[in-house]
Amino acid sequence: MDWHHPSIGLVSASSGFVLADIQYPGGWLRQASDDARTALGFIPTRWEARPDDRLFFVSDTYGTIEDGVYVVRWNATPRDPKDIAKSVALAEIDRLEKSITDRMWREDAVGSTALMEIKRQDENGDWVVDLDDPRTGKTATQYIAYVNSAIANIRAGL
């Protein structure tokens, strides 16, 4: 937990600090009683959740005292929805490309005529064929063509 003091700002409970020319050792705030911390002017700190970097440009923080607690919030500006959509599309391209390299190149499946059966664990922990996986029922070459087509469609929409 962090603590706030009006003259020295935020101090981590495990950090040492200097107040009124007195050096306090690391961990003093963690081990001190509430009365001792209050007598020195410290108040507890609560950090608000950091906004998602995919949706916001997040910069510095600012704090306010609310009901005896120093509340730290983040300065965040919403990203343009077009930028968010582009980021999601690029992440999907990465996922699709990874699905090829993780499975097929490693297993030397390219050129194989065998149909793939991708398995997953069901609710009982048994391994079953995942019929929803787009790789199931395709050869590696067919799946690579599917991925390339999906990536081309995503890029066309960017």
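Before any of the text, the structure's been laid out above.
So, a few notes on the structure that sits alongside this text. Computed from a predicted model, the values in this text were never measured in an experiment. (Residues numbered from 1 in each chain as written. Predicted model: local features only at pLDDT ≥ 70, side-chain atom pairs only at ≥ 80, totals over all residues. Heavy atoms only, no water.)

1. Let's talk about the packing of aromatic side chains
1) Next: Scanning all chains against the criterion turns up six aromatic pairs.
2) Next: Lys138 extends its terminal NZ or CZ atom over the ring of Tyr146, reaching a point 5.0 Å from the ring centre. (Phe/Tyr/Trp six-rings, centres within 6.5 Å; stacked < 30°, edge-to-face > 60°. Lys NZ or Arg CZ within 6 Å of the ring centre and 35° of its normal.)

2. Some words on the pairing of strand 2 (residues 9-12)
1) Next: Note that strand 1 (residues 2-5) and strand 2 share four bridges and pair antiparallel. Residue Asp2 lies in a different strand from strand 2, and its bridge partner there is Ser12. (Pairing = 2+ DSSP bridges. Helix = DSSP H or I, 4+ residues; strand = E, 2+ residues; numbered from the N terminus.)

3. Topic: the environment of Arg54
1) Next: Position of Arg54 among the secondary structure elements: in the loop between strand 5 (43-47) and strand 6 (56-66).
2) Next: Among all residues touching Arg54, those that are not within four sequence positions of it are Arg79 and Ile84.
3) Next: Here the side chain of Arg54 touches Asp52 through a polar contact of 2.6 Å, side chain to side chain. (Contact = heavy atoms within 4.5 Å. Polar contact = N/O pair within 3.5 Å; in protein donor to acceptor, adjacent residues only side chain to side chain.)

4. Looking at the nonpolar core
1) Next: The biggest cluster of nonpolar side chains holds ten residues, and these are Ile93, Leu96, Ile100, Met116, Ile118, Tyr143, Ile144, Val147, Ala150 and Ile151.
2) Next: Elements supplying a minimum of two residues to this core: helix 3 (81-105) and helix 4 (140-156).
3) Next: It is helix 4 that provides the largest number of residues to this core, a total of five residues.
4) Next: Of all hydrophobic cores here, the second largest spans eight residues; its members include Phe17, Tyr24, Leu29 and Phe42. (Core = buried A, V, L, I, M, F, W, Y, C linked by side-chain atoms within 4.5 Å. Buried < 20%, exposed > 50% of the residue type's maximum accessible area, 1.4 Å probe, protein only.)

5. Details of the pattern of salt bridges
1) Next: Under the criterion given, the structure shown has eight salt bridges.
2) Next: Between Arg155 and Glu97 there is a salt bridge; the shortest N-O distance is 3.9 Å. One end of the pair, Arg155, is in helix 4; the other, Glu97, is in helix 3, and 58 residues separate them in sequence.
3) Next: Taking relative accessible area as the criterion, Arg155 reaches 48% and is therefore assigned partly exposed. (Salt bridge = Lys/Arg side-chain N within 4 Å of Asp/Glu carboxyl O.)

6. Side note on the environment of Asp67
1) Next: With respect to the helices and strands, Asp67 occurs in the loop between strand 6 and strand 7 (69-78).
2) Next: Separated by 31 residues in the primary sequence, Asp67 and Ala36 have C-alpha atoms spaced 19 Å apart.

7. Observations concerning unusual backbone geometry
1) Next: Notably, Asp21 is not glycine yet its phi reads approximately 60°, a positive angle.
2) Next: Here Asp21 shows up in the loop between strand 3 (17-19) and strand 4 (22-24).
3) Next: Its relative accessible area of 79% is what places Asp21 among the exposed residues.
4) Next: The backbone of Asp67 sits at a positive phi, close to 55°, despite the residue not being glycine.

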